Amino acid sequence: MAALQIVNVEKRYKSLQALGGVSLSVEPGEFFGLLGPNGAGKTTLISIIAGLNRADSGTVSIDGHDVVSDYREARKRLGVVPQELVFDPFFTVRETLRMQSGYFGLKRNDDWIDEVMANLDLTNKADTNTRALSGGMKRRVLVAQALVHKPPVIVLDEPTAGVDVELRQTLWKFISRLNREGHTIVLTTHYLEEAQALCNRIAMLKAGKVVALDSTSALLKRISGSQLIVHLA
Ligand code: ATP
């Protein structure tokens, strides 16, 4: 069974067709890249996968659970790292992660929260209010938040946009490790080199449509660098 199955998803914002019939199937254990320029529809697709936005038509399922009709079961299996750095500013990092655990009905998972914070170099910020964190630190908290319920499938919406080289390396290493440990990863990015370094397979989205889908090596062989830039522009 596919870890993530997207079938013919369409989404329109008034006259604008943001997604024009997207179908993708991601297998368990894959590191899958969703590449595309600004406005291609990546965030719209991620928000539909996360159940935060409704498709006009088509279906999405996580491990066989439909994200609309079987939302609870689908959501349990999914970790989402959104693009926007939105937190309740009155809580510390540890409290934020505990609240997220509570959302999933998990109570005694402080050991796991400590481990996640340690892996993301967040331990010394555990008791800091999230409003006092730098953008990079907030980004780490977003990743930690997505992991509190140990989801088998993790989708990350441009997790390295606007972060410095050091954090980019930390995130790359950590996400790769999660993948080696068996998590299925779906990552959206603008950066070809990021997709190339991390992903086994890439889908290129443009104006709401999948314009290329292949293994990373085959895709790069097929499309020369300059053509790729045209695709992404
Ligand atoms: P980026 O790389 O800039 O984040 P993206 O690939 O994630 O872009 P989306 O954010 O999904 O693209 O946007 C796809 C299209 O839908 C864009 O033209 C955008 O302006 C439009 N759009 C997105 N959200 C809305 C909304 N809530 N209302 C109207 N139009 C929207």
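Remember, it's a predicted structure, so these values are computed and weren't measured experimentally.

What counts and how
- Here the residue numbers are simple positions, counted from 1 along each chain's written sequence.
- The model is predicted, so local features are restricted to residues of pLDDT at least 70 and side-chain atom pairs to those at 80 or more, both for listing and for counting; the totals for chains, interfaces and linings are taken over all residues.
- To obtain the side-chain values, all non-hydrogen atoms of the structure were used and water was disregarded.
- Whether two aromatic rings pair depends on their centres lying within 6.5 Å, for rings of Phe, Tyr and Trp, where Trp uses its six-membered ring; planes under 30 degrees apart make the pair stacked, over 60 edge-to-face, and the rest tilted.
- Any residue under 20% of the maximum accessible area for its type is buried, any over 50% is exposed, and the rest in between are partly exposed; the area is computed with a 1.4 Å probe on protein chains only.
- We call a charge positioned above a ring when the Lys NZ or Arg CZ atom is no farther than 6 Å from the ring centre and deviates by at most 35 degrees from the ring normal.
- Axes here mean lines fitted to C-alpha atoms, for a helix over just the part in contact, with angles spanning 0 to 180 degrees between N-to-C directions.
- To qualify as a helix, a DSSP run of H or I must reach at least 4 residues; to qualify as a strand, a run of E must reach at least 2; elements of each kind are numbered from the N terminus.
- If an angle is under 35 degrees, it is roughly parallel; if it is over 145, roughly antiparallel; if it lies from 65 to 115, roughly perpendicular; otherwise it is oblique.
- Each crossing is labelled by how the near helix is turned from the far one, with a counterclockwise turn of less than a right angle marking it left-handed and a clockwise turn marking it right-handed.
- Only heavy atoms enter the contact rule, under which two residues are in contact if any of them lie within 4.5 Å.
- Throughout, the ten residues Ala, Val, Leu, Ile, Met, Phe, Trp, Tyr, Cys and Pro are labelled nonpolar, Asp, Glu, Lys and Arg are labelled charged, and all others, Gly among them, are labelled polar.
- Working note: the arc is built from the helix axis to C-beta atom directions.
- For two strands to be treated as a pair, DSSP must find no fewer than two bridges joining them.

## Regarding the packing of aromatic side chains
A full pass over the atoms with the stated rule returns 1 aromatic pair. Both rings, one in Tyr103 and one in Phe104, keep their centres 5.0 Å apart while their planes meet at 85 degrees; by these two values the pair is edge-to-face. With relative accessibility at 17%, the residue Phe104 sits in the buried group. Taking NZ or CZ as reference, Lys150 lies 4.6 Å from the ring centre of Trp112, over its face. Above the plane of the ring of Tyr191 lies Arg168, whose end atom (NZ or CZ) is 4.7 Å from the centre.

## What about the packing of helix α3 (residues 93–103) against helix α4 (residues 110–119)?
The geometry of α3 relative to α4 is characterised by a closest axis approach of 11 Å and an angle of 130 degrees between their N-to-C directions. Taken together, the axis directions place α3 and α4 in an arrangement best described as oblique. Where α3 crosses over α4, the two elements pack in a sense that is right-handed. For the pair formed by α3 and α4, the contact residues are Val93, Arg94, Leu97, Arg98 and Ser101 on the first element and Asp110, Ile113, Asp114 and Met117 on the second. When its residues are assigned to classes, the contact of α3 with α4 shows 4 nonpolar, 1 polar and 4 charged.

## Notes on α4
Along α4, the residues classified as buried are Ile113, Val116 and Met117. One side of α4 carries all its buried residues, which in axial view fall inside an arc of 100 degrees. Tucked into the core, α4 has its buried residues touching α3 and α5 (135–147). The positive-phi residue at the C-terminal boundary of α4 is Asp121, with phi of around 55 degrees.

## Topic: the sheet that holds strand β2 (residues 16–26)
Across the sheet, which stays open at both edges, the 4 strands sit in the order β2-β1-β4-β5 with antiparallel pairing between neighbours. The open sheet terminates on both sides in strands that have one partner only, identified here as β2 and β5 (65–66). Each of β1 (4–13), β2 and β4 (57–62) is contacted by helix α1 (residues 42–49), which is oriented at about 120 degrees to β1, the strand it contacts most.

As far as function goes, none of this settles anything; it's purely spatial.
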